[in-house]
Amino acid sequence: VLSAKRNITDERVCLIEALDNFEKEGLQDGIISYLSGVQCPNMGDVAVFGVLNSVEGLNAHNDVIHSRGGHVKEWYDRMYQQVLGKGIEQ
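Residues numbered from 1 in each chain as written. Predicted model: local features only at pLDDT ≥ 70, side-chain atom pairs only at ≥ 80, totals over all residues. Heavy atoms only, no water.

Here we come to the confidence of the model for the protein chain. In the predicted model, the protein chain carries a mean pLDDT of 87, and 92% of its residues have values of at least 70. The element-level mean pLDDT for the protein chain is lowest in helix 1 (residues 2-5), coming to 66, with helix 3 (residues 43-53) highest at 94. (pLDDT = per-residue confidence, 0-100. Helix = DSSP H or I, 4+ residues; strand = E, 2+ residues; numbered from the N terminus.)

As a further point, take the packing of helix 3 against helix 5 (residues 70-84). Where helix 3 contacts helix 5, the two axes come as close as 10 Å, and the packing angle between them is 100°. Classified by the angle between their axes, helix 3 and helix 5 sit roughly perpendicular to one another. Contacts between helix 3 and helix 5 involve Asp45, Val46, Val48, Phe49, Leu52 and Asn53 from the first element and Trp75, Tyr76, Met79, Tyr80, Val83 and Leu84 from the second. The class makeup of the residues in the contact of helix 3 with helix 5 is 10 nonpolar, one polar and one charged. (Axes fitted to C-alpha atoms, helices over the stretch in contact; angles between N-to-C directions. Parallel < 35°, antiparallel > 145°, perpendicular 65-115°, else oblique. Contact = heavy atoms within 4.5 Å. Nonpolar A, V, L, I, M, F, W, Y, C, P; charged D, E, K, R; others polar.)

Right, let's talk about the nonpolar core for a bit. Across soluble globular proteins, nonpolar side chains show a tendency to be buried alongside one another. Formed by 13 residues in total, the largest nonpolar core has its most connected members in Leu19, Phe22, Phe49, Leu52, Ile65, Trp75 and Tyr76. Residue assignment for this core shows that the elements contributing at least two residues are helix 2 (11-26), helix 3, helix 4 (59-66) and helix 5. Ranked by the residues each element gives to this core, the list is headed by helix 5, at five residues. (Core = buried A, V, L, I, M, F, W, Y, C linked by side-chain atoms within 4.5 Å. Buried < 20%, exposed > 50% of the residue type's maximum accessible area, 1.4 Å probe, protein only.)

Turning our attention to the side chain of histidine 61. The residue histidine 61 is located in helix 4 in this model. Among residues more than four places away in sequence, those in contact with histidine 61 are Leu52, Val55, Glu56, His66 and Tyr76.

On the surface, Met43, Val46, Val83 and Leu84 cluster together into a nonpolar patch covering about 350 Å² of accessible area. Where the nonpolar patch is concerned, the elements lending two or more residues are helix 3 and helix 5. Looking at the secondary structure, you find valine 46 in helix 3. (Patch = residues over 30% accessible without salt bridge, like charges linked within 9 Å, V, L, I, M, F, W, Y side chains within 5 Å. Areas by Shrake-Rupley, 256 points an atom, 1.4 Å probe, with all protein chains shown as cover. Salt bridge = Lys/Arg side-chain N within 4 Å of Asp/Glu carboxyl O.)

Let us now look at the pattern of salt bridges. Where charged atoms from two side chains of opposite charge approach closely, those side chains can pair. Here the structure, examined in full by the defined rule, presents four salt bridges. The salt bridge involving lysine 73 is made with aspartate 77; its shortest N-O contact spans 2.7 Å. Linking lysine 73 with aspartate 77, this pair stays in helix 5, spanning four residues, or about one helical turn. Since its relative accessible area comes to 12%, lysine 73 is described here as buried. The class of aspartate 77 is partly exposed, set by a relative accessible area of 28%.

Quick look at the packing of helix 2 against helix 4 now. Where helix 2 contacts helix 4, the two axes come as close as 10 Å, and the packing angle between them is 30°. On the basis of their axis angle, the class for helix 2 and helix 4 is roughly parallel. Crossing geometry of helix 2 relative to helix 4 is assigned as right-handed. Residues Arg12, Leu15, Ile16 and Leu19 of helix 2 form the contact with helix 4, whose own contacting residues are Asn59, Ala60, Asp63 and Val64. Of the residues assigned to the contact of helix 2 with helix 4, the class counts are five nonpolar, one polar and two charged. (Left-handed = near helix turned anticlockwise from the far one by under 90°.)

Below, the structure written as structure tokens:
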């Protein structure tokens, strides 16, 4: 199991910490819209979006995206539009 290999004891906390880092380091606290630093996503954005979108419908997705708000939520909404070509139904 990946969590045991990476010494992860609480997956939800680990995901929240990773998104905190993504927001701070990747999105530079909202200064940039995408990891690419330009007005369109790059493969890094697509990879992170794919991971987060894969748990859509689960409580964890709601906790780490919708309830969180902020720059990660704004980025996720932009990526949803870019990748899936539609707005998020809430």
